[in-house]
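What follows is each chain in one-letter form.
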Amino acid sequence: MKTIFLAVTAGALLLGPPTGSTAQEAPTTAEAPTATPAGIPLGSAWRRAVYAQANTHLQHPGWGVRHSERNYVLGMALAEAEGLTVDADVLFAAAFLHDWGGIAPFAVAGIDHAERSVQLAEPFLAEAGFPMGKFPAVRAAILGHMYDKEPEGPEAVVLHDADALDFLGALGAARLLAATGERPDYDQALGRIERFAVDIPPRLKTAAAREMAGPRVAGMTDFLAGVRRETPEGARP
């Protein structure tokens, strides 16, 4: 399988006043980032707006901006491995906004988080200058991103599989354990780790994702075995 290597860009450059200047100091400002930490290009105003929105308002241990960045990188890698032609703009917008509707304070009771994400993303992208002729593909990718959905279109397929893979392996276990919320235990998270190891692999659409799932499932199984092994007899983990 081919692998995409994305370079990590340098941090923002801080500008200061000339040495020895007697003029009033100008406030120090940071240049807008040209790429995400994983090297995803932010070469347009709308991309910078999307990333700023996600980086500022969509922070969550399980579904936040870091998960979105991984989904984009992994989605592009899956597209290359499968020989699929995907629109990077569509995948970028969908990856960074797909869970928006599931994060407080944007979530609405009774509305599926993917549908809510589409409701929020459409006006936001239009105002940000996104080429809205591509929005139907963004909508399809967001609505089809969960592992139990049937994705339509190449961007939807790779986002679906990338999102599913991020539920597996050490990263998947870390995400689920981090998202226990106000519960007094992590029984729900352990149950989901065990269930996802069984339920997700058969739902993957690409051969590349199925190949990647094997080691991740093995890692999850080993993790659960370790939890059980380290729990004293009669006690609960």
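Below is a short write-up of the structure. As the structure is a computational prediction, the values presented were derived from the model and not from experiment.

Cut-offs and rules
- Residues numbered from 1 in each chain as written.
- Predicted model: local features only at pLDDT ≥ 70, side-chain atom pairs only at ≥ 80, totals over all residues.
- Heavy atoms only, no water.
- Helix = DSSP H or I, 4+ residues; strand = E, 2+ residues; numbered from the N terminus.
- Buried < 20%, exposed > 50% of the residue type's maximum accessible area, 1.4 Å probe, protein only.
- Contact = heavy atoms within 4.5 Å.
- Areas by Shrake-Rupley, 256 points an atom, 1.4 Å probe, with all protein chains shown as cover.
- Core = buried A, V, L, I, M, F, W, Y, C linked by side-chain atoms within 4.5 Å.
- Expected span 1.5 Å × (residues − 1).
- Arc of directions from axis to C-beta.
- Salt bridge = Lys/Arg side-chain N within 4 Å of Asp/Glu carboxyl O.
- Bend = angle between axes of the 7 residues up to and from the residue.
- Axes fitted to C-alpha atoms, helices over the stretch in contact; angles between N-to-C directions.
- Parallel < 35°, antiparallel > 145°, perpendicular 65-115°, else oblique.
- Nonpolar A, V, L, I, M, F, W, Y, C, P; charged D, E, K, R; others polar.

Re the overall build of the chain
Then step 1. Along the backbone of the chain there are nine helices and zero strands.
Then step 2. The order of helices and strands in the chain, counted from the N terminus, is α-α-α-α-α-α-α-α-α.
Then step 3. Buried positions account for 41% of the 237 residues belonging to the chain.
Then step 4. Contacts spanning at least 24 positions in sequence make up 63% of the contacts within the chain whose residues lie at least 6 apart.
Then step 5. In the form shown here, the chain has an accessible surface area of approximately 12500 Å², with 55% of it arising from carbon and sulfur atoms.

Points about the nonpolar core
Then step 1. The biggest cluster of nonpolar side chains holds 62 residues, and the ones touching the most others in it are Phe-92, Phe-96, Leu-125 and Val-138.
Then step 2. Here this core takes eight residues from helix H3 (residues 88-97), the largest share from any one element.
Then step 3. Those residues in contact with Leu-125 that lie beyond four places of it in its chain are Val-50, Ala-93, Leu-97, Phe-130, Met-132, Phe-135 and Val-138.

Description of helix H8 (residues 187-199)
Since one α-helical turn is 3.6 residues long, residues separated by three or four positions face the same way.
Then step 1. Given a rise of 1.5 Å per residue, 13 residues ought to cover 18 Å, and the 18 Å separating the end C-alpha atoms of H8 matches this to within 8%.
Then step 2. For H8, the set of buried residues is Ala-189, Leu-190, Ile-193, Phe-196 and Ala-197. Looking down the long axis of H8, one finds its buried residues gathered within 130 degrees of arc, a one-sided arrangement.

Some details on the pattern of salt bridges
Any two side chains of opposite charge can pair, on the condition that their charged atoms come close.
Then step 1. For the structure on display, the rule yields eight salt bridges.
Then step 2. Taking the shortest distance from any N to any O, the salt bridge between Asp-166 and Arg-70 comes out at 2.8 Å. Pair noted here: Asp-166 is in the loop between helix H6 (154-165) and helix H7 (169-178) and Arg-70 is in helix H2 (residues 65-82), with a separation of 96 residues, a long-range link.
Then step 3. We classify Asp-166 as buried; its relative accessible area is 2%.

A word on helix H9 (residues 207-230)
Then step 1. Taking 1.5 Å per residue, 24 residues should reach 34 Å; H9 reaches 35 Å between its end C-alpha atoms and fits that length.
Then step 2. Ala-213 marks where H9 bends most, by close to 30 degrees; the proline Pro-215 follows one to four residues later.
Then step 3. Buried residues in H9 make contact with H2, H6, H7 and H8.

Details of unusual backbone geometry
Then step 1. Note the cis peptide between Ala-104 and Pro-105, where omega equals 5 degrees.
Then step 2. Mapped onto the elements of the fold, Pro-105 is located in the loop between H3 and helix H4 (113-128).

Quick word on the packing of H2 against H9
Then step 1. As a packed pair, H2 and H9 sit with axes 8 Å apart at the nearest point and diverge in direction by 125 degrees. As summarised for this structure, H2 and H9 are arranged oblique, according to the angle between their axes. Mapping the contact onto sequence places Leu-74, Leu-78, Ala-81 and Glu-82 in H2 and Ala-207, Ala-208, Ala-209, Met-212 and Arg-216 in H9.
Then step 2. Split by residue class, the contact of H2 with H9 holds seven nonpolar, no polar and two charged.

On their own, these measurements won't tell you what the molecule is for.
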